[in-house]
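Reading the structure
So you can see what is in the structure, the chains are spelled out below.
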Amino acid sequence: DYNYPPSAGDIDAPGSFAYDVIYRVVPGLTFEMAQAGKMTPPVQKEFETAIKWLEAKGVAGITGDCGFMMAFQPIARAIAQVPIFMSSMVQS
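Right, let's walk through the structure included here. (Residues numbered from 1 in each chain as written. Predicted model: local features only at pLDDT ≥ 70, side-chain atom pairs only at ≥ 80, totals over all residues. Heavy atoms only, no water.)

**With respect to the overall build of the protein chain**
Selection rule: Put simply, DSSP marks the helices as runs of H or I at least four residues long and the strands as runs of E at least two long, and each gets a number from the N terminus on. Here the globule rule reads 2.2 Å times residues to the power 0.38, and the radius of gyration is calculated from C-alpha atoms. Burial status follows relative accessibility: with a 1.4 Å probe on protein chains alone, a residue under 20% of its type maximum counts as buried, one over 50% as exposed, and anything between as partly exposed. The criterion used for residue contact is that any of the two residues' heavy atoms lie within 4.5 Å. In this count, Lys and Arg are taken as positive residues and Asp and Glu as negative ones, while His and the chain termini are left out. For charged residues, the charge sits on one atom: NZ in Lys, CZ in Arg, CG in Asp, CD in Glu.
When helices and strands are tallied, the protein chain shows three helices and two strands. Shown N-terminal to C-terminal, the secondary structure of the protein chain runs as helices and strands in the order α-α-β-α-β. Radius of gyration (C-alpha) of the protein chain: 13 Å, near the 12 Å computed for a compact globule of 92 residues. When its C-alpha atoms are laid out on the principal axes, the protein chain stretches across 35 × 30 × 25 Å. In the protein chain, which comprises 92 residues, the share counted as buried stands at 28%. Relative to all contacts within the protein chain whose residues are 6 or more apart in sequence, the contacts with residues 24 or more apart total 43%. Where the 6 positive side-chain charges of the protein chain centre and where its 9 negative ones centre are 11 Å apart.

Set out below in structure tokens:
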């Protein structure tokens, strides 16, 4: 629930990639929740549903679009069968 106009090269700009990208918003997940590293139980359920949905679409990996999402890496890893990178900090 954070809206801004993405610039070329931004993860939220589909034209930034030379391959198909599938996006899924987690309903109720706010920037403030990401900053705090805590989701409410209903939002966590939506988060888990989003991961399963992306996998059902055949994605090769899942990433977040905010460094603060690093706090949710353990939750995502416990669910996902594909590589998970909730933050670019994981990629180092």
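**A closer look at the environment of P41**
Among the secondary structure elements, P41 is positioned in helix α2 (residues 41-56). Spatially, the C-alpha atom of P41 lies 16 Å from that of M69, the residues being 28 residues apart in sequence.

**Some details on the packing of aromatic side chains**
Under the convention used in this document: Stacked, edge-to-face and tilted are the three classes for Phe, Tyr and Trp ring pairs, Trp counted by its six-membered ring, which pair at centre distances within 6.5 Å; planes under 30 degrees apart are stacked, over 60 edge-to-face, the rest tilted. Each ring is checked for a lysine NZ or an arginine CZ that lies within 6 Å of its centre and within 35 degrees of its normal; such an atom marks a charge sitting over the ring.
In total, this model carries three aromatic pairs according to the counting rule given. Between F17 and Y19 the ring centres are 5.5 Å apart and the planes differ by 40°, which places this aromatic pair in the tilted class. Given a relative accessible area of 55%, Y19 falls into the exposed group. Here F31 and F68 contribute two aromatic rings whose centre-to-centre distance is 5.7 Å and whose plane-to-plane angle is 75°, an arrangement assigned as edge-to-face. Here F31 is found in helix α1 (residues 31-36), whereas its partner F68 is found in the loop between β1 (62-63) and α3 (73-79), with 37 residues between them in sequence. Residue classification places F31 among the partly exposed residues on the basis of a relative accessible area of 24%. Over the aromatic face of W53 sits the side chain of R24, whose NZ or CZ is 5.0 Å from the ring centroid.

**Section: the nonpolar core**
Here is the rule: For the purposes of this section, nonpolar cores are sets of buried Ala, Val, Leu, Ile, Met, Phe, Trp, Tyr and Cys residues that join through side-chain atoms within 4.5 Å.
One finds L29, F47, I51, I62, M69, F72 and M86 to be the most contacted residues of the largest nonpolar core, which totals 21 residues. Mapped onto this core, the elements with two or more residues apiece are α1, α2 and α3. Counting residues per element, this core draws most heavily on α2, at five residues. Excluding anything up to four places from it in sequence, I51 contacts I62, A76, I79 and A80.

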